[in-house]
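Spelled out, the chains give:
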Amino acid sequence: MTLSRTRQRPSASEDGTKSSLALGLCQQRAAQHLNEEIPTMRPHCVALMTAFVLTVGSPIAAQDPFGDISDLKLLKPEDKVDVPTTPTPKGAILLLDGKSLDNWTGRNGKDPANWKLLDGGVVEVKSPTADIITKQQFDGKFKLHVEFRIPYQPKAMGQRRGNSGVYLQGRYEIQVLDSYGAKVRQKDDCGAIYSIAAPSENVCKAPTVWQSYDIEYTAPKCDGDKKVMPAVATVYHNGVKIHDNVPITTDNTLRGLGGDPCSAGPILLQENGCPVQFRNIWLLAMKE
Ligand code: MG
């Protein structure tokens, strides 16, 4: 089954140079891999894009990915309105305040988290680098609040467009992607529990606009070291419920940390070659 598809939007600018051929090739290569999340940017794409930037100058480099989106047709005016930030509730752990990455490490749990710290309490994915994970590990039942915004990448396609992700216990991805305006909801779209369940509605904001996930998660139930019930997640995207007590019928979605599903795990934010931004991530333990 094909999980991904190509969506095209009007280009912010026309580029008829031979360098655009290089970028076009990258996009064609990317299109060949639309059935999977790309672990890292393919070497040939990196080489072509690097050569392009060094020799000619890139329209992508020149365009602020969080700048003007006036050439994007909005479905409704509020799609361009940020979701208000949600203060950390009493008793919650503030995992990401955007002022430091002290609560985080690289994916291997050893290297420092080296994503970009920006003004306004914002952290941006740094590519190519690695996913980042919380130093603290979690199990049981909890609520996770995440604010994020997706770059405007009109020349990118499918899984190359604003891809990141939020992994529960490091194993189960809630997809982050530019799915704005997609009429068919799939299991790799923004808000999907990756490969498990498509969101029940597409409530995506436009790229560059702040969005939120509020995830109520229950870890797998285990009898000793044997899993007897799967993890379950209810997900609100921009305040709208898009998953209602969905069993996560796997021990690990693509590119998760894996490991024993009966053990605690961190929150993981995915690096997937796109400068997605995050702010204000907190976790509140809940009674089961
Ligand atoms: Mg992803």
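Per chain, the residues get numbers from 1 upward, laid out in the order the sequence is written. Owing to the predicted nature of the model, reporting of local features is limited to residues with pLDDT of at least 70; listing and counting of side-chain atom pairs is limited to 80 or more, with chain, interface and lining totals taken over all residues.

A.B. asks: So what's going on with the overall build of the protein chain? Which residues, and what values?
C.D. replies: Secondary structure elements are defined from DSSP: runs of H or I of at least 4 residues count as helices, runs of E of at least 2 residues count as strands, and each element is numbered from the N terminus. Tallying secondary structure elements over the protein chain gives three helices and 15 strands in all. Here a residue counts as buried when 20 or more other C-beta atoms fall within 10 Å of its C-beta, as exposed when 12 or fewer do, and as partly exposed in between; the C-beta atoms come from the backbone. In the protein chain, which comprises 288 residues, the proportion classed as buried is 39%. By definition, residues are in contact whenever their C-beta atoms, placed on the basis of the backbone, come within 7 Å of each other. Considering only intrachain contacts with a sequence separation of at least 6, the fraction spanning at least 24 residues in the protein chain is 70%.

A.B. asks: Break down the sheet that holds strand E14 (residues 268–269) for me, citing the residues and quoting the values.
C.D. replies: The strand order E2-E5-E14-E7-E8 describes an open sheet built from five strands, whose pairing is antiparallel. Only two strands of the sheet have a single partner each, and these edge strands are strand E2 (104–106) and strand E8 (172–176). DSSP calls a pair of strands paired once it identifies at least 2 bridges connecting them. Note that strand E7 (residues 164–168) and E8 share five bridges and pair antiparallel. Bridge pairing in E8 places Ser-164 opposite Val-176.

A.B. asks: Describe in detail the pairing of E8, supporting the description with residues and values.
C.D. replies: With five of five residues buried, E8 lies mostly within the body of the structure. Residues Tyr-172, Ile-174 and Val-176 point to one face of E8 and Glu-173 and Gln-175 to the other, with burial holding for every one of them. Where E7 hands over to E8, the hairpin turn is made up of three residues, of which Gln-169 adopts a positive phi near 55 degrees.

A.B. asks: Can you lay out the confidence of the model for the protein chain for me, pointing to particular residues and giving the numbers?
C.D. replies: Reading fine detail from the predicted coordinates is not recommended where pLDDT is low. Averaged over every residue, the pLDDT of the protein chain is 84; the share at 70 or more is 78%. Per-residue confidence from the prediction method is given by pLDDT, with values spanning 0 to 100. Low pLDDT, under 50, characterises residues 1–36; the predicted model gives this stretch 57 contacts beyond four residues in sequence or across chains. Counting contacts from residues 38–60, a segment whose pLDDT is below 50, to residues more than four positions away or on other chains yields 32 contacts.

A.B. asks: Talk me through the environment of Gln-175; I want residue IDs and the actual numbers.
C.D. replies: Inspection of the secondary structure assignment puts Gln-175 in strand E8. Its 26 C-beta neighbours within 10 Å are what place Gln-175 among the buried residues. Ignoring sequence-local partners within four residues, the contact set of Gln-175 consists of Gly-165, Asp-188, Asp-189, Cys-190, Gly-191, Ala-192 and Tyr-194.

A.B. asks: Please set out the environment of Leu-283 residue by residue, giving values where relevant.
C.D. replies: Looking at the element boundaries, Leu-283 is found in strand E15 (residues 277–286). Classification of Leu-283 by C-beta neighbours within 10 Å gives buried; the count is 21. In this view, Leu-283 contacts Ala-92, Ile-93, Leu-95, Phe-138, Phe-142, Leu-144 and Ile-267; residues no more than four positions away in its chain are not counted.

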